[in-house]
Amino acid sequence: MKTANLVSETLEQFYSETYEEIRLEVGLGPLEFERNKDLIQRFLPKNGVVADVGGGPGVYSAWMAKAGYEVILFDPVPKHIEQATKKAAKFKKNPFKAILGEARKLDLPDASVDVAILHGPLYHLQEKQDRIAALREAYRILKPGGVLLGFAINYTASTLVGLTNGYIHDKAFLKMCQQELATGVHNAPGSWPGILPEAYYHRPSQLAAEVKEAAFEHIDTFAVEGVIWLDSKYFENRSDAEKKQQQFALLQATENHPEMLAMSPHMMIAARKNA
């Protein structure tokens, strides 16, 4: 199926050539995965229907389907749908659905899901009007009282990574950081082919404002990785059970601090469709 109208050629090529299915297994991926599951689980009802929009190869959909939820995954990348479909086929009971689709137009009836999760649309759509359209589509498919969980990349993400790894001394990388800090627009320089090619990186306050503009009631915004990834011996300490517990105690104590949200590469916003 031709997908030119679903996702840009640049993004489709990027995801077709990279390995999104194992991204959460390397680097800070395990922290992101563990935290996202924790945050999502706080808002899942005892049972119900979940739309996993931008669900990629189905890692989170498989986790929720295994827990007994009816899950419909949407993603604009054919490779991801193929991977998700194969993953769903392994479920003898309660397989999730994987549909090629895009966040601004979902093939679901009005008021048909209990939770709508936006994994990629809020940062893959560079134009505000497109992000608002995706949020309003999520609002449409949610039942009254239903919950939106939206994941975003922080406008400081590249800068913090650049500082901790020395990348900002590359002039092209520094220029990219400066643009993100000033405008939120992320475009990777050609000399850095391994990073996300194009995206939008939010300020925490701006993320909340966009969600409210789409008619949602803002519940809270949560840091995903928080500040603990800045531990100079993060990976060493994570492998020690007691030290990992201390890391997470600090993360949980600061996960909602408005002044500290910008120190987390990713954040999750929770919002509600009023009854």
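Just above sits the structure.
In this text, all values refer to a predicted model and were calculated from it rather than measured experimentally.

Check the secondary structure of the protein and you find eleven helices and nine strands. Against the globule reference of 19 Å for 275 residues, the protein gives a C-alpha radius of gyration of 18 Å, in line with a compact fold. For the protein, with 275 residues in total, the buried portion stands at 49%. In the protein, the share of contacts with a sequence separation of at least 24, taken over all contacts with a separation of at least 6, comes to 73%. Summed over its atoms, the accessible surface of the protein is roughly 13300 Å², and 53% of this surface lies on carbon and sulfur atoms.

Our next topic: the side chain of Arg-131. Of note, Arg-131 is situated in helix H6 (residues 128-141). Only 2.8 Å separates the side chain of Arg-131 from the side chain of Glu-210, close enough to count as a polar contact. Arg-131 has contacts with Pro-121, Leu-122, Leu-125, Gln-126, Tyr-200, His-202, Gln-206 and Glu-210, leaving out every residue within four places of it along the chain.

Topologically, Ile-22 is positioned in the loop between helix H1 (9-17) and helix H2 (29-41). Residue classification places Ile-22 among the partly exposed residues on the basis of a relative accessible area of 39%. Expressed as a C-alpha distance, the spacing of Ile-22 and Pro-57, which sit 35 residues apart in the sequence, is 9.5 Å.

Our focus in this paragraph is the pattern of salt bridges. One pass over the structure, following the stated rule, counts 15 salt bridges. A salt bridge links Arg-35 to Glu-255, with the nearest nitrogen and oxygen atoms 3.0 Å apart. Pair noted here: Arg-35 is in helix H2 and Glu-255 is in the loop between helix H11 (241-254) and strand E9 (266-272), with a separation of 220 residues, a long-range link. Looking at Glu-255, the relative accessible area reads 7%, which means it is buried. Among the ionic pairs, Arg-131 bridges to Glu-210, the shortest N-O distance being 2.8 Å. In this pair, Arg-131 sits in helix H6 while Glu-210 sits in helix H9 (residues 204-213), placing the two residues 79 residues apart along the sequence. Classification of Arg-131 as buried rests on a relative accessible area of 2%. Glu-210 sits in the buried class, given a relative accessible area of 3%. Each of Arg-35, Asp-38, Arg-42 and Glu-255 takes part in one network of salt bridges that share partners.

Among the six residues that make up strand E4 (residues 113-118), five are buried, leaving the element largely enclosed by the rest of the structure. Direction of pairing for strand E1 (residues 49-53) relative to E4: parallel, over a ladder of four bridges. Bridge pairing links Val-50 to Val-115 in E4.

The geometry of two aromatic rings is summed up by the distance between their centres and the angle between their planes. Counting across every chain of the model gives nine aromatic pairs. Taking the centre distance of 5.5 Å and the plane angle of 65 degrees together, the rings of Tyr-167 and Phe-173 count as edge-to-face. Assessed through its relative accessible area of 31%, Tyr-167 is described here as partly exposed. Ring centres of Tyr-234 and Phe-235 lie 5.0 Å apart, and the angle between their planes is 75 degrees; on these two criteria the pair is classed as edge-to-face. Residue class for Tyr-234 comes out buried when judged on its relative accessible area of 2%. Site record: aromatic cluster; members linked through ring pairs are Tyr-167, Phe-173 and Trp-192. Above the plane of the ring of Tyr-200 lies Arg-131, whose end atom (NZ or CZ) is 3.7 Å from the centre. Here Lys-244 stacks its cationic end above the ring of Phe-248, 5.5 Å away from the centre of that ring.

Parameters and conventions
- The numbering scheme is per chain: residues are counted from 1 as the chain's sequence reads.
- Local features in this predicted model are restricted to residues whose pLDDT is 70 or higher, and side-chain atom pairs enter the listing and the counts only when it is 80 or higher, whereas totals over whole chains, interfaces and linings include all residues.
- In computing side-chain values, all of the structure's heavy atoms are included and hydrogens and water are not.
- Working definition: helices are DSSP H or I runs of at least four residues, strands are E runs of at least two. Numbering for both runs from the N terminus.
- Radius of gyration means the value over C-alpha atoms here, while the globule rule gives 2.2 Å times the residue count to the 0.38 power.
- Three labels apply to residues, based on accessible area from a 1.4 Å probe with only protein chains included: buried if under 20% of the type maximum, exposed if over 50%, partly exposed otherwise in between.
- Residues count as neighbours in contact if any of their non-hydrogen atoms are within 4.5 Å of one another.
- All accessible-area figures derive from a Shrake-Rupley calculation using a 1.4 Å probe, and residue coverage is judged against the displayed protein chains alone.
- For this analysis, a polar contact is any N or O atom pair within 3.5 Å, provided that within protein one partner can donate a hydrogen and the other can accept it, and provided that sequence-adjacent residues contribute only side-chain to side-chain pairs.
- Any Lys or Arg side-chain nitrogen found within 4 Å of a carboxyl oxygen on Asp or Glu counts as a salt bridge.
- At least two bridges found by DSSP between two strands are what make those strands a pair.
- Only Phe, Tyr and Trp rings are paired, with Trp represented by its six-membered ring, and only when their centres lie within 6.5 Å; those with planes under 30 degrees apart are stacked, over 60 edge-to-face, the remainder tilted.
- Two conditions define a charge located above a ring, namely a distance within 6 Å from the ring centre to NZ of Lys or CZ of Arg, and an angle within 35 degrees of the ring normal.

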